[in-house]
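# Examination of the molecular architecture
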Amino acid sequence: GAVVSQHPSWVICKSGTSVKIECRSLDFQATTMFWYRQFPKQSLMLMATSNEGSKATYEQGVEKDKFLINHASLTLSTLTVTSAHPEDSSFYICGGMGETQYFGPGTRLLVL
Amino acid sequence: DAKTTQPTSMDCAEGRAANLPCNHSTISGNEYVYWYRQIHSQGPQYIIHGLKNNETNEMASLIITEDRKSSTLILPHATLRDTAVYYCIVRRGAAGNKLTFGGGTRVLVKP
């Protein structure tokens, strides 16, 4: 299957700082990318859908000003968690739309 | 997208076939059945998908009932590395449509 990478794989930050997570499709072009969040022992929850060159579409209850998504190229999407707080600590996973949806390995964020 | 129902958990023996059921009784004609799995602390891995015909690839087989209201994912020879949460998802066929994850089935392969 197609390969999606994420960077960093884990990050620890102080409350109030911003954190950027990169998602790259390595061997295919992803016009559409998805960002998910997963809390311990729970399923994946879709946060937003981004299309290359346009604004992201956020799911209900997800603050667009807090979770900034940029999809500037067909192989790169970024998620920036602004002014992170401990409740933002979670496992963030991106998915790129190729023949089907392929997922990155995830980024574990811990906000102290 | 149609809702799916899966058992919460199941055990299977290493080397034996694992049969994972999924109910999607409200599926509509243009919706596909997708299966993904998530090994602990990793991103989901695509397994297989189908519309109405049975499908097979190097990982698994997908059997869809004639009325399309249920399906079964078959792992032909389960190994310890197949221990994961398996998600059955129904999604409209148009490219770019999102996947909605339910609770999945937690599969434990035992020696």
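This text goes with the structure placed above it.
These remarks concern the structure in this document. Worth saying up front: this structure is predicted, and the values here are computed from it rather than measured.

The rules behind each value
Residues numbered from 1 in each chain as written. Chains lettered and ligands numbered in written order. Predicted model: local features only at pLDDT ≥ 70, side-chain atom pairs only at ≥ 80, totals over all residues. Heavy atoms only, no water. Helix = DSSP H or I, 4+ residues; strand = E, 2+ residues; numbered from the N terminus. Buried < 20%, exposed > 50% of the residue type's maximum accessible area, 1.4 Å probe, protein only. Contact = heavy atoms within 4.5 Å. Polar contact = N/O pair within 3.5 Å; in protein donor to acceptor, adjacent residues only side chain to side chain. Pairing = 2+ DSSP bridges. Axes fitted to C-alpha atoms, helices over the stretch in contact; angles between N-to-C directions. Core = buried A, V, L, I, M, F, W, Y, C linked by side-chain atoms within 4.5 Å. Buried area = accessible area lost by both parts, 1.4 Å probe. Salt bridge = Lys/Arg side-chain N within 4 Å of Asp/Glu carboxyl O. Nonpolar A, V, L, I, M, F, W, Y, C, P; charged D, E, K, R; others polar. Phe/Tyr/Trp six-rings, centres within 6.5 Å; stacked < 30°, edge-to-face > 60°.

This paragraph deals with the environment of arginine 24 of chain A. Residues and elements named next belong to chain A. The residue arginine 24 is located in strand β3 (residues 19–25) in this model. Note on arginine 24: relative accessible area 34%, which makes it partly exposed. Expressed as a C-alpha distance, the spacing of arginine 24 and asparagine 70, which sit 46 residues apart in the sequence, is 12 Å. Not counting residues up to four positions away in its chain, the partners in contact with arginine 24 are Val3, Val4, Ser5, Thr75 and Leu76. A polar contact is formed between the side chain of arginine 24 and the side chain of glutamate 22, at a distance of 3.5 Å.

All names here are of chain B. Within the open sheet, the five strands sit side by side as β1-β9-β8-β3-β4. Their pairing is mixed. Of all strands in the sheet, those bounded by a partner on one side alone are β1 (9–13) and β4 (45–50). This sheet shows a mean twist of 25° between the axes of neighbouring strands, independent of strand direction.

In this section: the nonpolar core. Residue and element names in this part refer to chain A. Within the largest apolar cluster, 24 residues are counted, with the highest numbers of intra-cluster contacts made by Trp35, Phe67, Leu79, Tyr92 and Leu109. Elements represented by at least two residues in this core include exactly β2 (10–13), β3, β4 (32–38), β5 (45–51), β7 (67–73), β8 (76–81), β9 (90–97) and β11 (107–111). Per-element accounting of this core gives the leading share, three residues, to β3. Every residue in contact with leucine 109, bar those within four places of it in the chain, is listed here: Val11, Cys13, Val19, Val81, Asp88, Ser89, Ser90 and Tyr92.

Moving on, we come to the interface of chain B and chain A. Counting from both sides, the interface comprises 16 residues of chain B and, opposite them, 18 residues of chain A. Both faces considered, chain B and chain A share a buried interface measuring about 1300 Å² in area, 55% of it formed by carbon and sulfur atoms. One salt bridge in this structure joins glutamate 59 of chain A and lysine 98 of chain B, with 3.1 Å as the shortest N-O distance. Joining chain B to chain A, the criterion identifies seven residue pairs in polar contact (both at pLDDT 80 or more). Going through the elements one at a time, β3 (31–38) and β8 (84–92) of chain B are the ones with two or more residues in the side of chain B that touches chain A. Per-element tally for the side of chain B that touches chain A: the top contributor is β3 of chain B, with three residues. Residue classes in the side of chain B that touches chain A are distributed as seven nonpolar, seven polar and two charged.

Another aspect to go through is the packing of aromatic side chains. For the structure shown, the criterion picks out 11 aromatic pairs over all chains. Both rings, one in phenylalanine 103 of chain A and one in phenylalanine 101 of chain B, keep their centres 5.7 Å apart while their planes meet at 75°; by these two values the pair is edge-to-face. Separated into two different chains, phenylalanine 103 of chain A in strand β10 (residues 101–103) and phenylalanine 101 of chain B in the loop between β8 and β9 (105–110) make up a pair that spans both. We note that phenylalanine 103 of chain A, like phenylalanine 101 of chain B, is buried. An aromatic cluster of at least three residues, connected via ring pairs, comprises Phe28, Tyr36, Tyr102 and Phe103 of chain A together with Tyr36, Tyr46, Tyr87 and Phe101 of chain B.

It is worth spelling out unusual backbone geometry at this point. Residue histidine 7 of chain A is joined to proline 8 of chain A through a cis peptide bond whose omega torsion reads 0°. Looking at the secondary structure, you find proline 8 of chain A in the loop between β1 (4–7) and β2. One non-glycine residue with positive phi stands out, namely serine 83 of chain A, at about 45°. Structurally, the position occupied by serine 83 of chain A is in the loop between β8 and β9. For serine 83 of chain A, a relative accessible area of 34% corresponds to the partly exposed category. The phi torsion at arginine 68 of chain B lies on the positive side, around 65°, for a residue other than glycine. Its place among the elements puts arginine 68 of chain B in the loop between β6 (61–64) and β7 (70–75).

All names here are of chain A. Here serine 89 shows up in the loop between β8 and β9. Looking at serine 89, its side chain comes within polar contact range of the main-chain oxygen of proline 86, at 2.9 Å. Of the polar contacts made by the side chain of serine 89, one reaches the backbone nitrogen of valine 111; its length is 2.8 Å. Excluding anything up to four places from it in sequence, serine 89 contacts Phe39, Leu109, Leu110 and Val111.

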